[in-house]
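# Results of the structural survey
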Amino acid sequence: MKLVVCILSSAILGWAALRPDGGTVELVVAGNLKGNLAPCGCSKPMIGGIKRWATAVRKLQDQGDTVVVVNGGMTEGDGRQMAIKSETLAEMFRSVGVAAINITGADLQLGSEAIRIIERLSGGVVTSLEPGAGQFSDDHSPRQAGPFLICGVEDLKQEQLDEWIPPFIEEAKSKGKAPILLLFANESVAKNIANQFPSIAAIVYVSSNVMSTPIKVGQTWLLTPGEKGKFMVSATWDGAKFTRYRCVELGPEFADDPKVSEIYNRYLERVGAEKILDMVPRTTNEEFAGSQSCANCHDEAYQTWLKSKHAKALDTLEAEKHDRDPDCVSCHVVGLESSVGFMNRAETPHLAGVGCESCHGAGKAHSEDPKKKLGTAGPSSCVKCHVPDHSPKFDFPTYWEKIKH
Ligand code: HEC
Ligand code: HEC
Ligand code: HEC
Ligand code: HEC
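A short tour of the structure in this document, coming up.

Rules and cut-offs
Residues numbered from 1 in each chain as written. Chains lettered and ligands numbered in written order. Predicted model: local features only at pLDDT ≥ 70, side-chain atom pairs only at ≥ 80, totals over all residues. Heavy atoms only, no water. Donors = N, O, S within 2.8 Å, 3.2 Å for Na, K, Ca; no water. Tetrahedral: all angles 85-135°; square planar, octahedral: opposite > 155°, others 65-115°. Helix = DSSP H or I, 4+ residues; strand = E, 2+ residues; numbered from the N terminus. Buried < 20%, exposed > 50% of the residue type's maximum accessible area, 1.4 Å probe, protein only. Contact = heavy atoms within 4.5 Å. Near = heavy atom within 4 Å. Polar contact = N/O pair within 3.5 Å; in protein donor to acceptor, adjacent residues only side chain to side chain. Nonpolar A, V, L, I, M, F, W, Y, C, P; charged D, E, K, R; others polar. Pairing = 2+ DSSP bridges. Patch = residues over 30% accessible without salt bridge, like charges linked within 9 Å, V, L, I, M, F, W, Y side chains within 5 Å. Areas by Shrake-Rupley, 256 points an atom, 1.4 Å probe, with all protein chains shown as cover. Salt bridge = Lys/Arg side-chain N within 4 Å of Asp/Glu carboxyl O. Lys, Arg positive; Asp, Glu negative; His and termini not counted. Charge placed at Lys NZ, Arg CZ, Asp CG, Glu CD. Axes fitted to C-alpha atoms, helices over the stretch in contact; angles between N-to-C directions. Domains from an automatic or database assignment.

What follows concerns the coordination of the iron atom of ligand 4. Here the iron atom of ligand 4 is held by H360 (NE2) and H405 (NE2), and the distances to it run 2.0 Å. With six donor atoms in place around the iron atom of ligand 4 and angles of 87 to 180 degrees between them, the coordination shape is octahedral. Taken together, the positions of H360 in helix α13 (residues 356-360) and H405 in the segment after α16 (396-403) put the pair 45 residues apart, joining distant regions of the chain. Of the residues examined, H360 reaches a relative accessible area of 31% and is grouped as partly exposed.

Here's what the structure looks like:
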């Protein structure tokens, strides 16, 4: 495990002062977002999100020449919502003027049609050395931007390395550009390539963590954006070599970029309009009664629950405009996974919010005949929703104390 110690985002205030005299170019590396467009906001403060990233990138762009590249892994898995996410990301990247996007197997899970759409929406900046990329891209050749020539690859066999990398380096040389490799593979693969091809200026690789300093193999810098878009990572090119590395945590002190926010809001509207929530897979289940109907016999528990945040969990999503977003609703209602569970506020108002049956299980049978026992509730009922990503401070005794009944 490598410890991540990044420049605190407040350091951004001092950027202008940090910048050396003219003639340098900033290379911003992004990628491996795994479908994370924005932090969920389940606990505060949360870091990351393309809206903040765009603000940070535009700040750099205001200060001088900047080249932005994306090393694949925009989405993870398939399905309609992922396809909409990938299209949204392509538009967002175009909005900040991304120069190259490495398309990888993770993205291809969406199918070649989706990649063609990404290619169009991103402004035609898709790159891949794989000959098979011809299926989804008419021109996936290396991209030229500023002082760089940029190409994309995945983990390569030695024969492919020997066949594909030297011509790429040659091409860069003949154009007077510094070769940048977007590599959708891990650090050790990146090191191996850097050792074999020392004239590559930078290799962008995949890691779940960002680095406090870049790995250097000879003159080659190995850079990673980490995952899920939590940091903005960049390096300064002085015309002959990389000189300075920057890794900025995207905390709430970064405002949301207005243009990218607009694209994001359109994404939410599409998810709503296409009724993706109505298409979530459901299994058959026992019938729910709704929290209100438990009140008849368990009034005290009901009154306690009514005052808890659980009772208002769907209101929270409505206020955030995420109440039709399958990425969010499952933990903020009763029984989204069940064919007789929550559908929407109008049809199933009794199942809105985290209800009694989110923890005790479906209870219609018990409500009609209390001799029919419910399953036991306890710490294990909580952790299906209070997962570290959404509830980092969860601790059963402390949390139970707040809702005990
Ligand atoms: C895996 C379950 C889960 C998912 C998925 C989920 N949430 Fe939450 N959410 C929670 C939990 C648990 C809490 C309470 C966290 C705590 O207080 O520790 C919460 C709390 C919140 C809060 C209240 C934060 C506060 O400080 O008052 C907001 C807002 C929120 N979620 C929005 C979202 C949005 C938007 C999404 C989708 C992008 C989402 N949630 C997806 C489980 C989830
Ligand atoms: C008609 C009255 C009635 C309704 C409605 C009712 N309960 Fe009960 N509940 C009881 C009685 C009586 C017991 C005690 C049963 C026993 O001890 O055998 C009980 C016991 C329980 C228990 C203890 C564990 C168990 O299964 O015995 C839980 C938990 C519980 N109820 C939850 C709920 C929930 C949740 C609802 C709504 C979905 C609900 N009850 C609706 C009457 C009711
Ligand atoms: C179905 C998902 C789900 C389950 C199961 C669940 N929670 Fe929650 N919990 C949430 C959500 C969502 C919120 C945030 C609600 C909001 O603020 O809108 C939350 C909020 C809370 C809060 C309020 C936190 C605060 O800052 O005040 C407490 C306390 C809590 N949960 C305790 C528990 C405990 C204890 C369990 C298990 C016995 C549990 N929860 C089970 C989804 C769940
Ligand atoms: C966030 C999860 C959660 C929610 C929501 C919730 N409960 Fe509970 N409930 C629990 C847990 C955990 C226990 C403790 C079980 C134990 O002590 O063995 C419990 C205990 C109970 C008991 C006592 C059981 C016993 O054996 O004494 C009753 C009755 C009950 N709940 C009814 C309700 C009703 C009615 C609602 C809704 C109005 C509700 N609960 C909402 C998690 C929840």
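Moving on, we come to unusual backbone geometry. With an omega of -5 degrees, the peptide bond running from K44 to P45 counts as cis. Its location among the elements puts P45 in the loop between β1 (25-30) and α2 (50-63). Phi at K321 takes a positive value of approximately 60 degrees, unusual for a residue other than glycine. Counting through the fold element by element, K321 comes out in the loop between α11 (313-319) and α12 (326-329). Since its relative accessible area comes to 64%, K321 is described here as exposed.

Mapped onto the elements of the fold, N102 is located in strand β3 (residues 100-102). Beyond its immediate chain neighbours, meaning those up to four positions away, N102 contacts V70, N71, G72, D107, T127, G152, V153, L182, L183 and F184.

Our next topic: the site of ligand 2. In the neighbourhood of ligand 2, 13 residues make up the surrounding shell, with C294, C297, H298, H366 and L374 lying closest. Separating a nitrogen atom of ligand 2 from a side-chain N or O atom of H366 is a distance of 2.9 Å. The contact in question runs from an oxygen atom of ligand 2 to an N or O atom on the side chain of K373, over 3.4 Å. Put simply, the parts of the chain that give the shell around ligand 2 at least two residues each are α9 (291-294), α13 and α14 (364-368). Per-element tally for the shell around ligand 2: the top contributor is α13, with three residues. Of the residues belonging to the shell around ligand 2, the class tally is five nonpolar, six polar and two charged.

The next point concerns the pairing of strand β11 (residues 231-237). The buried fraction of β11 is high, at seven of seven residues. For β1 and β11, the ladder comprises five bridges, and the chain directions are antiparallel. Across the sheet, the residue bridging to V25 is W237, located in β11. Strand direction decides the pairing type here: β11 and strand β12 (residues 242-249), joined by seven bridges, are antiparallel. Each bridged residue has a counterpart across the sheet, and for V233 the counterpart in β12 is C247. In this antiparallel pair of consecutive strands, β11 and β12, the connection spans four residues, and G239 shows a positive phi of 110 degrees.

A cluster of like positive charges, contributed by K44, K309, K393 and K402, occupies part of the molecular surface. Tracing the sequence through the fold places K402 in helix α16. For K402, a relative accessible area of 68% translates into the label exposed.

Attention shifts here to the sheet that holds strand β8 (residues 202-204). If you trace the six strands from one edge of the open sheet to the other, you get β5-β6-β7-β8-β10-β9, paired in mixed fashion. Each edge of the open sheet carries a strand with a single partner, namely β5 (143-145) and β9 (215-217). Strand-to-strand, the axes of this sheet are offset by a mean angle of 25 degrees, without reference to chain direction. Pairing analysis gives three bridges linking β5 to strand β6 (residues 148-154), with the strands arranged antiparallel. Note that in β6 the partner of Q144 across the bridge is L149.

Turning our eyes to something else, we now look at the coordination of the iron atom of ligand 1. Protein coordination at the iron atom of ligand 1: the donors are C42 (SG) and H332 (NE2), at 2.1 to 2.3 Å from the metal. What the six donor atoms of the iron atom of ligand 1 show is an angle range of 85 to 178 degrees at the metal, which sorts the shape as octahedral. On the criterion of sequence distance, the pair formed by C42 in the loop between β1 and α2 and H332 in the loop between α12 and α13 is long-range, its members being 290 residues apart. Judged by its relative accessible area of 37%, C42 is partly exposed.

On to the site of ligand 1. With respect to spatial proximity, 18 residues lie near ligand 1, and among them C42, C328, C331, H332 and S391 are the closest. S391 places a polar side-chain atom, nitrogen or oxygen, 2.6 Å from an oxygen atom of ligand 1. Taking Y399, its side chain carries an N or O atom lying 2.6 Å from an oxygen atom of ligand 1. Among the elements of the structure, α11 and α12 are those that each provide at least two residues to the shell around ligand 1. For the shell around ligand 1, the per-class residue count stands at eight nonpolar, seven polar and three charged. Viewed by domain, the shell around ligand 1 spans two of them, domain 1 (9-267) and domain 2 (280-403), each represented by three or more residues.

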